[in-house]
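Fold and geometry: a report
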Amino acid sequence: SQQGEEDPQALSIQEGENATMNCSYKTSINNLQWYRQNSGRGLVHLILIRSNEREKHSGRLRVTLDTSKKSSSLLITASRAADTASYFCATDGGTYKYIFGTGTRLKVLA
Amino acid sequence: DVKVTQSSRYLVKRTGEKVFLECVQDMDHENMFWYRQDPGLGLRLIYFSYDVKMKEKGDIPEGYSVSREKKERFSLILESASTNQTSMYLCASSRQGAEAFFGQGTRLTVV
């Protein structure tokens, strides 16, 4: 299986704190993406970072990519209760066939 | 507004039945995907299609087949449903190298 892994599996923080989650993957990639899933729903795309990029920002989100370590991190700053969700990374394995990790469950306490 | 529509939110089928899960996208995307999601296992790719009538196996294709006769429609077929296929099924579509858009999912229970 090419499936990647997110770390930690679960994370619980207070509102206003920053949340960091990590993703490790196994194959070379063209891009890496992060998605959010609210309970029992479909996934929503958050951010895409290409293999030649090292860092990308979108609002309160910051994504880094280290292709030499085959890893990425997602930082959510100043978290809110509405950020409570599962977060997944997805890689394309160089083929545009998107493979998802096992996810990080984030709980933001008000 | 972009849309990926799955035919059912909830489905209950009997063991041995042939089951069709339908997915339609209105964005003219080349790529379409079927995943299943189980607790603790994340999303696992069942099949991927990159063009009409073209398909590739994902990580867990056993017990499933797919059909893509038109660009906008990608069907997942369970030839003979079994209880271990009880799961949440998610369909997605994308352009090459771009973000994927997901349907709301079909929660299938096989009894």
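Residues numbered from 1 in each chain as written. Chains lettered and ligands numbered in written order. Predicted model: local features only at pLDDT ≥ 70, side-chain atom pairs only at ≥ 80, totals over all residues. Heavy atoms only, no water.

Focus: the pattern of salt bridges
For clarity, the cut-off: Whenever a carboxyl oxygen of Asp or Glu lies within 4 Å of a side-chain nitrogen of Lys or Arg, that contact is scored as a salt bridge. Here a strand is any run of E in DSSP of at least two residues, a helix any run of H or I of at least four, and the numbering for each starts at the N terminus.
Inspection of the entire model under this criterion finds ten salt bridges over all chains. The closest approach of N and O atoms between Arg62(A) and Glu55(A), which form a salt bridge, is 3.2 Å. A salt bridge links Asp83(A) to Arg60(A), with the shortest nitrogen-to-oxygen separation between them at 2.9 Å. A residue pair is termed long-range when its members are at least 10 positions apart, and Asp83(A) in the loop between β8 (71-76) and β9 (85-91) and Arg60(A) in the loop between β6 (55-58) and β7 (61-66) qualify at 23 residues. Linked by salt bridges that have partners in common, Arg36(B), Asp38(B) and Arg44(B) make up one network.

So, the state of the cysteines
Two cysteines whose sulfur atoms are joined by a covalent bond form what is called a disulfide. For clarity, the cut-off: Two cysteine sulfur atoms form a disulfide, by the criterion used here, when they sit within 2.5 Å. Only protein chains enter the accessibility calculation, which uses a 1.4 Å probe. A residue is then buried if its area is under 20% of the maximum for its type, exposed if over 50%, and partly exposed in between.
Throughout the structure, instances matching the rule amount to two disulfides over all chains. Cys23(A) shares a disulfide with Cys89(A); S-S distance 2.0 Å. Looking down the S-S bond of the Cys23(A) and Cys89(A) bridge, the torsion is 65°, so its handedness is right-handed. Here Cys23(A), found in strand β3 (residues 19-24), pairs with Cys89(A), found in strand β9; they are 66 residues apart in sequence, far enough to count as distant. Across the pair, exposure class does not vary: Cys23(A) and Cys89(A) are buried alike. Through a disulfide, Cys23(B) is tied to Cys91(B); the S-S separation comes to 1.9 Å. Classification of the bridge connecting Cys23(B) and Cys91(B) rests on its S-S torsion, roughly -75°, and on that basis the disulfide is left-handed. With Cys23(B) in strand β3 (residues 19-25) and Cys91(B) in strand β9 (residues 87-94), this residue pair connects regions lying 68 residues apart in the sequence.

Things to note about the nonpolar core
Definition in use: What is meant by a nonpolar core is a set of buried Ala, Val, Leu, Ile, Met, Phe, Trp, Tyr and Cys residues, joined one to another through side-chain atoms within 4.5 Å. Every residue pair with non-hydrogen atoms within 4.5 Å of one another is taken to be in contact.
Met21(A), Leu32(A), Trp34(A), Leu74(A), Ile76(A), Tyr87(A) and Leu106(A) are the most contacted members of the largest nonpolar core, which has 22 residues in total. Looking at this core, the elements with two or more residues in it are β2 (10-14), β3, β4 (31-37), β5 (43-50), β7, β8, β9 and β11 (104-109) of chain A. The contact partners of Ile76(A), leaving out residues within four places of it in the chain, are Glu17(A), Asn18(A), Ala19(A), Met21(A), Arg60(A), Leu61(A), Asp83(A), Tyr87(A) and Leu106(A). Judged by nonpolar contacts, the second largest core, of 21 residues, contains Leu11(B), Cys23(B), Tyr47(B) and Tyr64(B).

Details of the sheet that holds β3(B)
Residues and elements named next belong to chain B. Defined as follows: When DSSP finds at least two bridges between two strands, those strands are taken to pair. In this description, a line fitted to the C-alpha atoms serves as the axis of each element, helices being fitted only across the stretch in contact, and the angle between N-to-C directions of two axes falls anywhere from 0 to 180 degrees.
Here four strands make up an open sheet; going across it, the order is β1-β3-β8-β7 and the pairing antiparallel. Taken across any chain shown, the strands that pair with only one partner, and hence form the sheet edges, are β1 (4-6) and β7 (64-70). Going from strand to strand, the sheet's axes swing by 20° on average, the running direction of each strand aside.

Section: the confidence of the model for chain B
Stated precisely, the cut-off is as follows: Residue-level confidence of the predictor is what pLDDT reports, using numbers from 0 through 100.
The predicted model of chain B averages 95 in pLDDT, with 98% of residues at 70 or higher. When pLDDT is averaged over each element of chain B, strand β8 (residues 73-78) of chain B comes out on top at 98 and strand β6 (residues 54-57) of chain B at the bottom at 93.

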